[in-house]
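For reference, the chains in residue letters:
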Amino acid sequence: QVQLVESGGGLVQAGGSLRLSCAASGSISSINAMVWYRQTPGKQREWVASITSGGSTNYADSVRGRFTISRDNAKNTVYLQMNSLKPEDTAVYYCYANIVRVGLRRGNDYWGQGTQVTVSS
């Protein structure tokens with residue numbers, strides 16, 4: 001069984017910073033893409049940033065230049081460093097990973113439970 005566990009959310013003032021972590025655990029052979037999404041009540045889940053197994057990154061326009069995604073393959077962990085936070089960044093942040101389990105050839109999709117980020121003005 002594979003799990004993704006997020007941490008690092010909280011309450012911060014506008015202009016502040018937070019660092020989210022998402023650790024994968026279980027019977028893991030390899031991890032392909034790792035992605036951060038966010039969602040606010042009544043809205044669809046929004047893609048924030050992604051990183052490939054090789055370290056290539058992409059960002060939504062709304063966060064480019066303020067957020068940085070990174071990963072530690074040895075720890076099966078993805079991070080999201082969020083700087084210059086704005087009230088509109090308030091959301092539940094979810095991590096996603098495509099993970100190949102030991103003994104399998106194809107990856108499956110896994111989601112974390114979400115962590116709340118609240119930015120006050």
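Residues numbered from 1 in each chain as written. Predicted model: local features only at pLDDT ≥ 70, side-chain atom pairs only at ≥ 80, totals over all residues. Heavy atoms only, no water.

Visitor: Looking at this structure, how should I read the packing of aromatic side chains?
Guide: When we look at a pair of aromatic rings, we describe it by the centre distance and by the angle of the planes. Applying the stated criterion across every chain yields a total of two aromatic pairs. Each ring, one from Tyr-37 and one from Trp-111, has its centre 5.1 Å from the other, and the planes form 50°; the classification is tilted. Of this pair, Tyr-37 sits in strand β4 (residues 28-39) while Trp-111 sits in strand β10 (residues 107-111), and the two are 74 residues apart along the sequence. The exposure class assigned to Trp-111 is partly exposed, which follows from its relative accessible area of 39%. (Phe/Tyr/Trp six-rings, centres within 6.5 Å; stacked < 30°, edge-to-face > 60°. Helix = DSSP H or I, 4+ residues; strand = E, 2+ residues; numbered from the N terminus. Buried < 20%, exposed > 50% of the residue type's maximum accessible area, 1.4 Å probe, protein only.)

Visitor: How do you make sense of unusual backbone geometry when you look at a structure like this?
Guide: Generally, phi is negative for residues other than glycine and the peptide bonds are trans, each holding for most cases. Phi at Asn-76 takes a positive value of approximately 50°, unusual for a residue other than glycine. With respect to the element layout, Asn-76 can be found in the loop between β7 (67-72) and β8 (77-82). Judged by relative accessible area, Asn-76 falls into the partly exposed class, the value being 23%. Although it is not a glycine, Ser-84 adopts a positive phi angle of roughly 50°. By secondary structure assignment, the location of Ser-84 is in the loop between β8 and β9 (91-101).

Visitor: How should the pattern of salt bridges be read in this particular structure?
Guide: Close approach of charged atoms lets side chains of opposite charge pair. Going through the model one piece at a time under the given rule, you end up with four salt bridges. A salt bridge links Arg-38 to Glu-46, with the shortest nitrogen-to-oxygen separation between them at 2.8 Å. For Arg-38, a relative accessible area of 6% translates into the label buried. Of the charged contacts, one joins Asp-89 and Arg-66 as a salt bridge, the two residues approaching to 2.7 Å between their closest N and O atoms. Placement of Asp-89 in the loop between β8 and β9 and of Arg-66 in the loop between β6 (57-59) and β7 is noted, with a sequence separation of 23 residues between them. Across the pair, Arg-66 and Asp-89 agree in class, each one buried. Where salt bridges share partners, they join Arg-38, Glu-46, Arg-66 and Asp-89 into one cluster. (Salt bridge = Lys/Arg side-chain N within 4 Å of Asp/Glu carboxyl O.)

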